[in-house]
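Descriptive analysis of the structure
Residue strings, one per chain:
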Amino acid sequence: MTNNYRAYLKTHLRNNLKPLLFIVVFSVVLTVALAYTNQKDVLNYYYNDKIRITYYCTIWIPVMILAISCYIAPYMEFAFFKKRRNLDCAYALPISRKEMGRAHYFSGLLTIFLPYTLSYITNTLLMLRYQQEYFFTPLIPHYFLCLLFGICTYSIFVFVFNEANSPGDGIWFIILWSAVFYLVLSAVRNDLFLEFLNKTTWRKITSNSDLAFVFSPLVFISEAFTDRVERPEWYTYTRLFKDDEVIFCLIFWLVVGIAATIAFFKTFGKRRMEKTEEISDSWFGYRILVPVYAVAGMLTFGSSGNGTIILEVIIVILALLGYAIYRRGFHYKKSEIIILSLLLIFLFI
């Protein structure tokens, strides 16, 4: 770690202090407001004068804040590099581009770590009001597991955001990559694919496409540990990871997160400055996402009982608009015209 790197990191953290404090304070206030009113539910049975009280651990609140921070942090840290006028100044500093990217990456980690951690502590302190109703030990592994997959999600978003040449495209890349695997898995659940593959494990893995969202590990882990915290007398740890599709989901997103981290550190700063603010032509952007969303959407709605021709027409229109956003106008390239033509043929078929 060079002196220039340490100086740059300190300066950058100091400049980010105000927005970070705002996010932290907002997270704690939101946690107090939600946890205080949702941890205890009193239900009155007027017909027999009975009262049922249910207690909830609300560990979903800090997890929700972690998920939101994963969206905010990449933009906060790397939108600066999507403006051409900023790069002349930034790249003239006595620090390498790799070190600069590393500084912003770890600063973003702080942006997801602090709000999540303080929200978690606040939620746990509020749970102490009804400490006899909870089993607190599982909160420790739950905290670290969610933090691990939160870092994976953050890394994925950082990588795809930096594949864009403008902040707006970067935001679209993050949003679209959040659900692309879910839509693809929904399309693969088509009976044609399942008959072709005809594997019991594959059928199990594809049976629940909800596990293919980028935040699926956070949701699954939180649901499992919520049961453990609230009902320790009958819920055991052996039930947490007993399903093949859940294990596959956790391993898949962990591998994707590690790959995205490595790819980010390998590629950051290597894009030519003149491409900044130009069309985002990365293979991790619209070039792949638009046709994948269009084809997967048509397969999903076309093979489902509730699919209608109207939905498929809407998908084709959205594909047209997607390419228009990509090209910043209605001037398509030959390859994109071919893809759109194939979509129209598929629509008529």
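The paragraphs below set out a description of the structure included in this document. (Residues numbered from 1 in each chain as written. Predicted model: local features only at pLDDT ≥ 70, side-chain atom pairs only at ≥ 80, totals over all residues. Heavy atoms only, no water.)

**Quick word on the overall build of the chain**
To keep it simple, the criterion reads: Secondary structure counts use DSSP, requiring at least four H or I residues in a row for a helix and at least two E residues in a row for a strand, with both numbered from the N terminus. Burial classification: accessible surface area is computed with a 1.4 Å probe over protein chains only, and a residue below 20% of its type maximum counts as buried, one above 50% as exposed, and the rest as partly exposed. In what follows, a contact means two residues having at least one pair of non-hydrogen atoms within 4.5 Å.
What the chain contains, in helices and strands, is 14 helices and two strands. The buried share among the 349 residues of the chain stands at 45%. Nonlocal contacts in the chain, meaning residues at least 24 apart in sequence, comprise 76% of its contacts between residues at least 6 apart.

**Considerations on the layout of surface pockets**
Our working definition: Each cavity reported here is a set of points on a 1 Å grid over the protein atoms alone in which a 1.4 Å probe fits but cannot get out, each pocket an open set with protein on both sides within 12 Å along at least five of seven lines, and each lining residue one with an atom within 4 Å of a point. Grid points are joined across faces, edges and corners, and a volume is the space filled by probe spheres set on the points. Residues are grouped as follows: Ala, Val, Leu, Ile, Met, Phe, Trp, Tyr, Cys and Pro are nonpolar; Asp, Glu, Lys and Arg are charged; every other residue, Gly included, is polar.
In this structure, the largest pocket occupies an estimated 360 Å³ of space. Secondary-structure elements contributing two or more residues to the lining of the largest pocket are α7 (167-188), α12 (286-303) and α13 (309-327). Take the lining of the largest pocket: its biggest share by element is seven residues, from α12. Broken down by class, the residue content of the lining of the largest pocket amounts to 14 nonpolar, two polar and no charged.

**So, a positive patch on the surface**
Applicable threshold: Exposure above 30% relative accessible area and the absence of a salt bridge qualify a residue for a patch, where like charges join within 9 Å and nonpolar side chains (Val, Leu, Ile, Met, Phe, Trp, Tyr) within 5 Å. Per-residue and other accessible areas follow the Shrake-Rupley method at a 1.4 Å probe size, with only the shown protein chains counted as cover for residues. For this analysis, a salt bridge means a side-chain nitrogen from Lys or Arg found within 4 Å of a carboxyl oxygen belonging to Asp or Glu. In this tally Asp and Glu are treated as negative and Lys and Arg as positive; neither His nor the chain ends contributes. The atoms used to mark charge sites are NZ of Lys, CZ of Arg, CG of Asp and CD of Glu.
Together, Lys98, Arg102, Lys266 and Lys270 give the surface a local cluster of positive charge. Residue Lys266 is classed as exposed on the basis of its relative accessible area of 54%.

**Focus on the packing of helix α2 (residues 17-38) against helix α5 (residues 97-127)**
The test is simple: Fitted lines through C-alpha atoms give the axes, limited to the stretch in contact for helices. The angle between two N-to-C directions lies from 0 to 180 degrees. These descriptions rest on fixed angle ranges, namely under 35 degrees for roughly parallel, over 145 for roughly antiparallel, 65 to 115 for roughly perpendicular, and the rest for oblique. Left-handed describes a crossing whose near helix is turned anticlockwise from the far helix by less than a right angle; the clockwise case is right-handed.
Orientation of α2 relative to α5, taken along the N-to-C sense of each, is 25°, at an axis distance of 9 Å. With respect to each other, α2 and α5 are oriented roughly parallel. Between α2 and α5 lies a crossing whose hand is right-handed. Two secondary-structure elements touch here, α2 through Leu20, Ile23, Val24, Ser27, Val28, Thr31, Val32, Ala35 and Tyr36 and α5 through Leu110, Thr111, Leu114, Pro115, Leu118, Ser119, Thr122, Asn123 and Leu126.

**Things to note about the side chain of Thr111**
Structurally, the position occupied by Thr111 is in helix α5. When near neighbours in sequence (up to four residues on either side) are disregarded, Thr111 contacts Leu20, Ile23, Ser69, Ala73, Met76 and Glu77.

**What to know about the nonpolar core**
Which entries qualify depends on this criterion: What is meant by a nonpolar core is a set of buried Ala, Val, Leu, Ile, Met, Phe, Trp, Tyr and Cys residues, joined one to another through side-chain atoms within 4.5 Å.
In this structure, Phe78 and Tyr154 are the most contacted members of the largest nonpolar core, which totals 73 residues. Ranked by residues supplied to this core, first place goes to helix α6 (residues 139-162) with 12 residues. Apart from residues no more than four positions distant in its own chain, Phe78 is found in contact with Gly101, His104, Tyr105, Tyr154, Val158, Phe161, Asn162, Phe264 and Phe268.

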